[in-house]
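Remarks on the overall topology
Okay, here's what each chain looks like letter by letter:
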Amino acid sequence: MPSKLKFNSFGSGTVLKLEDVPDEVFANQIMGEGYAIDLNLGEIYAPVDGEVNMLFPTGHAIGFICDDGSEFIIHLGIDTVSLNGKGFETMVEIGEYVKQGQLISKMDLNFINEKGYSTISPIVFTTGQKIKLVAEGKHVNYGEFGLFKFV
């Protein structure tokens, strides 16, 4: 069943189809459907109200459970787990309830790029929601609505 929650953009940059993410797990939608943002600013914001239910110690991925029980993960960059936390500053903790628009993480995009990693960042709905991306190729700023629709 599609979520009735209204998500906004978690970051600023160009919206990509998940299939265009340079990582096989995301591109093949193994974890679920979603989309990605090729970030041009390093501040990451909560796209919806919810509880942080997963946080990698490296800061490269944050999972959430929403009020309606749906879950999603924001993965910051591609293969950035290899940086062992360098270039990331996490602003939330597991169990914390965050509000839409709250700053949840900072990424040092220059550092990450200098180390040879992509800052393309997917958001994946891990509880089976299906989406239709409507903002593919569009530059968005954090907080913008209307990037996708639940179907």
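What comes next concerns the included structure. Everything numeric here is computed off the predicted structure, so don't read it as measured data. (Residues numbered from 1 in each chain as written. Predicted model: local features only at pLDDT ≥ 70, side-chain atom pairs only at ≥ 80, totals over all residues. Heavy atoms only, no water.)

Burial analysis of strand β2 (residues 33–39) places six of its seven residues in the buried class, the great majority of the element. In this structure, strand β1 (residues 13–17) lies alongside β2, joined through five bridges in antiparallel fashion. Bridge pairing in β2 places Gly 13 opposite Leu 39. With six bridges joining them, β2 and strand β10 (residues 120–125) adopt antiparallel strand pairing. Within the sheet, the bridge partner assigned to Ala 36 lies in β10 and is Pro 122. (Buried < 20%, exposed > 50% of the residue type's maximum accessible area, 1.4 Å probe, protein only. Helix = DSSP H or I, 4+ residues; strand = E, 2+ residues; numbered from the N terminus. Pairing = 2+ DSSP bridges.)

Time to look at the packing of aromatic side chains. One pass over the full model with this rule turns up 12 aromatic pairs. Ring centres 5.8 Å apart and planes at 55° place the aromatic pair Phe 7 and Phe 148 in the tilted group. Residue Phe 7 is located in the segment before β1, and its partner Phe 148 is located in strand β13 (residues 148–150); the two are separated by 141 residues in the primary sequence. Between Phe 125 and Phe 150, the aromatic rings sit 5.4 Å apart at their centres with planes inclined by 70°, giving edge-to-face as the arrangement. With Phe 125 in strand β10 and Phe 150 in strand β13, the pair connects residues that are 25 residues apart, well separated along the chain. Comparing Phe 125 with Phe 150 shows no difference in burial state: the two are buried. An aromatic cluster is defined as three or more aromatic residues linked by ring pairs; in this entry it consists of Phe 7, Phe 10, Tyr 35, Phe 64, Phe 72, Phe 125, Phe 148 and Phe 150. (Phe/Tyr/Trp six-rings, centres within 6.5 Å; stacked < 30°, edge-to-face > 60°.)

Backbone geometry at Gln 29 places phi at a positive 55°, although glycine is not the residue there. By secondary structure assignment, the location of Gln 29 is in the loop between α1 (24–27) and β2. Positive phi outside glycine occurs at Asn 84, with the angle close to 50°. Counting through the fold element by element, Asn 84 comes out in the loop between β6 (71–75) and β7 (88–90).

Right, let's get into the sheet that holds strand β12 (residues 139–140). Taking strand neighbours across the sheet as the criterion, the eight strands line up as β8-β4-β5-β6-β10-β2-β1-β12 in an open arrangement whose pairing is antiparallel. Each edge of the open sheet is held by one strand with a lone partner, namely β8 (97–98) and β12. Direction of pairing for strand β5 (residues 61–65) relative to β6: antiparallel, over a ladder of five bridges. Paired with Ile 62 across the bridge in β6 is Ile 74.

Take a nonpolar patch on the surface next. Taken together, Val 25, Ile 30 and Met 31 make up a surface patch of nonpolar side chains, about 250 Å² in accessible area. The topology assignment puts Met 31 in the loop between α1 and β2. For Met 31, a relative accessible area of 34% gives the class partly exposed. (Patch = residues over 30% accessible without salt bridge, like charges linked within 9 Å, V, L, I, M, F, W, Y side chains within 5 Å. Areas by Shrake-Rupley, 256 points an atom, 1.4 Å probe, with all protein chains shown as cover. Salt bridge = Lys/Arg side-chain N within 4 Å of Asp/Glu carboxyl O.)

Space inside the largest pocket adds up to approximately 160 Å³. In terms of residue class, the lining of the largest pocket is built from six nonpolar, two polar and three charged. (1 Å grid on protein atoms, 1.4 Å probe; cavity = no way out; pocket = protein on both sides within 12 Å on 5 of 7 lines; lining within 4 Å. Points joined across faces, edges and corners; volume = space filled by probe spheres on them. Nonpolar A, V, L, I, M, F, W, Y, C, P; charged D, E, K, R; others polar.)

Now for the sheet that holds strand β9 (residues 103–107). Strand order in the open sheet made by the three strands is β3-β9-β7, with antiparallel pairing throughout. Every interior strand has two partners, whereas the edge strands, β3 (43–45) and β7, have only one. Between one strand and the next, the sheet's axes are offset by a mean angle of 20°, whatever the strand orientation. Sheet topology note: the β3/β9 ladder contains three bridges and is antiparallel. Among the inter-strand pairings, Ile 44 is bridged to a residue of β9, identified as Ser 105. (Axes fitted to C-alpha atoms, helices over the stretch in contact; angles between N-to-C directions.)

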